[in-house]
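As a plain string of letters, each chain reads:
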Amino acid sequence: MKIIVNYDLIKKIKDVKEPFSGFKLIRTKGPRILKLIPFYFLINLALFNSVEQAIYCSLGLNVPLGILLEVMPYRIVGEDFDKLRAEKDLRKLSVQLQDLNLKTNYELLLESYEYEKKYSIHLDENKIPYILESKYIVVPTYDYNGDIKESYIVQEHALGDKEYVLTLGRPNQEFKFSYSNA
């Protein structure tokens, strides 16, 4: 059975654990602000009719303004909305993991960590290649006696896609030749 989500599990755990700071702001909001730079540039180019002034205004005024607009809700309300959203998503995921027979809860899910990461190239139905990222994640779970044990899930994600697929599994052990001096 598969669970399909639209977020990276490890990044959601990091969003919950990491306090609000400039680094977290850059990690979570930076890509969105960078995507808006061409939009800012086109607006400024229409306003100033000069490429140099449009560049200076986009990078010197609009980007800091975008950062300020991202920080203001935290400063006004005092809540980290990314953390609240991540908590909600992880609580929902802990219930969904029950369908995979992984008895875990929100607190145990926060203790999950990435065990291994692999990349492979596949072809889709139109013969277009894509890169598949497979993250092997260790999730603490309860066994039938109530003791905590480690379970393994695989998070597969085609790079550039917003769909993440979680399934049970662990990486295959690969045997490598070793040389001895004997």
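For the structure given in this document, a descriptive report is provided here. (Residues numbered from 1 in each chain as written. Predicted model: local features only at pLDDT ≥ 70, side-chain atom pairs only at ≥ 80, totals over all residues. Heavy atoms only, no water.)

**Focus on the pairing of strand S4 (residues 148-158)**
Sheet faces and side chains relate simply in a regular strand, where the side chains alternate between the two faces.
Part 1 of the reasoning: Relative to S4, strand S3 (residues 129-142) runs antiparallel, the two sharing 11 bridges. Counted as the bridge partner of Leu-132 is Ala-158 from S4.
Part 2 of the reasoning: Linking S3 to S4, which pair antiparallel, is a turn of 5 residues; within it Gly-146 sits at a positive phi near 90 degrees.
Part 3 of the reasoning: Relative to strand S5 (residues 164-168), S4 is paired through 5 bridges, and the arrangement is antiparallel. From the neighbouring strand, Val-154 faces S5, where its bridge partner is Thr-167.
Part 4 of the reasoning: Counted between consecutive antiparallel strands, the loop separating S4 from S5 contains 5 residues, among which Gly-160 sits at a positive phi close to 95 degrees. (Pairing = 2+ DSSP bridges. Helix = DSSP H or I, 4+ residues; strand = E, 2+ residues; numbered from the N terminus.)

**Considering the side chain of His-157**
Part 1 of the reasoning: Locating His-157 in the fold gives a position in strand S4.
Part 2 of the reasoning: Engagement of the side chain of His-157 in a polar contact is seen with the backbone oxygen of Asp-161, the distance being 3.4 Å.
Part 3 of the reasoning: Here His-157 is in contact with Ile-131, Leu-132, Glu-133, Glu-163 and Tyr-164, once residues within four sequence places are set aside. (Polar contact = N/O pair within 3.5 Å; in protein donor to acceptor, adjacent residues only side chain to side chain. Contact = heavy atoms within 4.5 Å.)

**Details of unusual backbone geometry**
Part 1 of the reasoning: With phi around 65 degrees, Lys-127 is a residue other than glycine that occupies positive phi space.
Part 2 of the reasoning: With respect to the helices, strands and loops of the structure, Lys-127 is situated in the loop between strand S2 (113-123) and S3.

**Section: the pairing of S5**
Part 1 of the reasoning: Most of S5 sits inside the fold, with 4 of its 5 residues counted as buried.
Part 2 of the reasoning: Relative to S5, strand S1 (residues 3-5) runs antiparallel, the two sharing 3 bridges. In the sheet register, Ile-3 faces S5, and the bridge partner there is Leu-166. (Buried < 20%, exposed > 50% of the residue type's maximum accessible area, 1.4 Å probe, protein only.)

**Focus: the side chain of Thr-167**
Part 1 of the reasoning: Within the secondary structure, Thr-167 sits in strand S5.
Part 2 of the reasoning: Discounting residues that sit within four places of it in the chain, Thr-167 has contacts with Met-1, Lys-2, Ile-153 and Val-154.

**Some details on the sheet that holds S2**
Hydrogen bonding along the main chain pairs the strands of a sheet, whether they run parallel or antiparallel.
Part 1 of the reasoning: Taken in spatial order, the 5 strands of this open sheet run S1-S5-S4-S3-S2, and their pairing is antiparallel. This sheet does not close on itself; its edge strands, each paired only once, are S1 and S2. Averaged over all pairs of adjacent strands, the angle between strand axes in this sheet comes to 25 degrees, irrespective of strand direction.
Part 2 of the reasoning: Packing of helix H1 (residues 9-17) onto the sheet brings it into contact with S2, S3 and S4, and relative to S3 it is tilted by some 55 degrees. (Axes fitted to C-alpha atoms, helices over the stretch in contact; angles between N-to-C directions.)

**Observations concerning the environment of Val-71**
Part 1 of the reasoning: Along the chain, Val-71 falls in helix H3 (residues 51-77).
Part 2 of the reasoning: Classification of Val-71 as buried rests on a relative accessible area of 18%.
Part 3 of the reasoning: Residues Val-71 and Ser-21 lie 50 residues apart in sequence; the distance between their C-alpha atoms is 9.6 Å.

**A closer look at the packing of helix H2 (residues 22-48) against H3**
Two measures define how a pair of helices packs: the angle their axes make with one another and the distance between the axes.
Part 1 of the reasoning: Two elements in contact, H2 and H3, have axes whose closest approach is 8 Å; the angle formed by their N-to-C orientations is 140 degrees. Taken together, the axes of H2 and H3 are oblique relative to one another. Considering only the axes of H2 and H3, their crossing is right-handed. (Parallel < 35°, antiparallel > 145°, perpendicular 65-115°, else oblique. Left-handed = near helix turned anticlockwise from the far one by under 90°.)

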